[in-house]
Amino acid sequence: MVSQITSGIKISVLTSFEGTYFKNYKIHFAFSYEVTIENQSKDSVQLNSRHWEIHDSLNDLEIVDGEGVIGKKPVLKPGEKHTYSSGCLLSSPFGAMRGYFNMVNFTSTRSFRVIIPTFKLSAPFALN
């Protein structure tokens, strides 16, 4: 698990390899990840959007931008957590993801960016 705190918001990520399968005559490596967003600040905040950079060991890069997370824009009061799960496909058994969440502080009405720490994706069978 990796964790990082930005502006009082702690992001923790836990990953898992889900298996391989063929799609369009090509092998894909499926990974899941669980993200926990914990408000350690003294203000209520809301997650509005996300930005992901998904890299694989073949130097492929996929950028994903979107509203909220899995269709939600969670509001977190001080001390609250929000956890969600998602996944991605890679063309190789190794890769990494990183990104950020765009959030708003309800007390100051200011928007701010919370860093999602870089986390590795690796298929256990490919490790030496």
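Named according to an unreviewed UniProt entry, the protein chain is ApaG domain-containing protein originating from Flavobacterium saliperosum S13.

**What to know about the overall build of the protein chain**
Check the secondary structure of the protein chain and you find 0 helices and 9 strands. In sequence order, the secondary structure elements of the protein chain are arranged as β-β-β-β-β-β-β-β-β. Across its three principal axes, the protein chain shows a C-alpha extent of roughly 50 × 25 × 20 Å. Put simply, the protein chain has 128 residues, and 44% of those count as buried. Relative to all contacts within the protein chain whose residues are 6 or more apart in sequence, the contacts with residues 24 or more apart total 64%. Counting only carbon and sulfur atoms, one obtains 50% of the accessible surface of the protein chain, whose full area is about 7300 Å². Here the protein chain contributes 13 positively and 11 negatively charged side chains, and the mean placements of these two sets differ by 4 Å.

**Observations regarding unusual backbone geometry**
For Asn 59, which is not glycine, the phi dihedral falls at a positive 70 degrees. Along the chain, Asn 59 falls in the loop between strand S4 (45–56) and strand S5 (61–67). In this structure Asn 59 comes out as exposed when scored by relative accessible area, which is 74%. Positive phi, normally seen in glycine, also occurs at Thr 109, with a value near 60 degrees. Within the secondary structure, Thr 109 is located in the loop between strand S8 (94–105) and strand S9 (111–122).

**Focus on the pairing of strand S2 (residues 9–23)**
Looking at chain direction, strand S1 (residues 2–6) and S2 are connected through 5 bridges and run antiparallel. Following the sheet pairing, Val 2 is matched in S2 by Val 13. As consecutive antiparallel partners, S1 and S2 are separated by 2 residues, and within that stretch Ser 7 has a phi angle of approximately 50 degrees, a positive value. The pairing of S2 with strand S3 (residues 26–39) spans 14 bridges and is antiparallel.

Parameters at a glance
- Residues numbered from 1 in each chain as written.
- Predicted model: local features only at pLDDT ≥ 70, side-chain atom pairs only at ≥ 80, totals over all residues.
- Heavy atoms only, no water.
- Helix = DSSP H or I, 4+ residues; strand = E, 2+ residues; numbered from the N terminus.
- Buried < 20%, exposed > 50% of the residue type's maximum accessible area, 1.4 Å probe, protein only.
- Contact = heavy atoms within 4.5 Å.
- Areas by Shrake-Rupley, 256 points an atom, 1.4 Å probe, with all protein chains shown as cover.
- Lys, Arg positive; Asp, Glu negative; His and termini not counted.
- Charge placed at Lys NZ, Arg CZ, Asp CG, Glu CD.
- Pairing = 2+ DSSP bridges.

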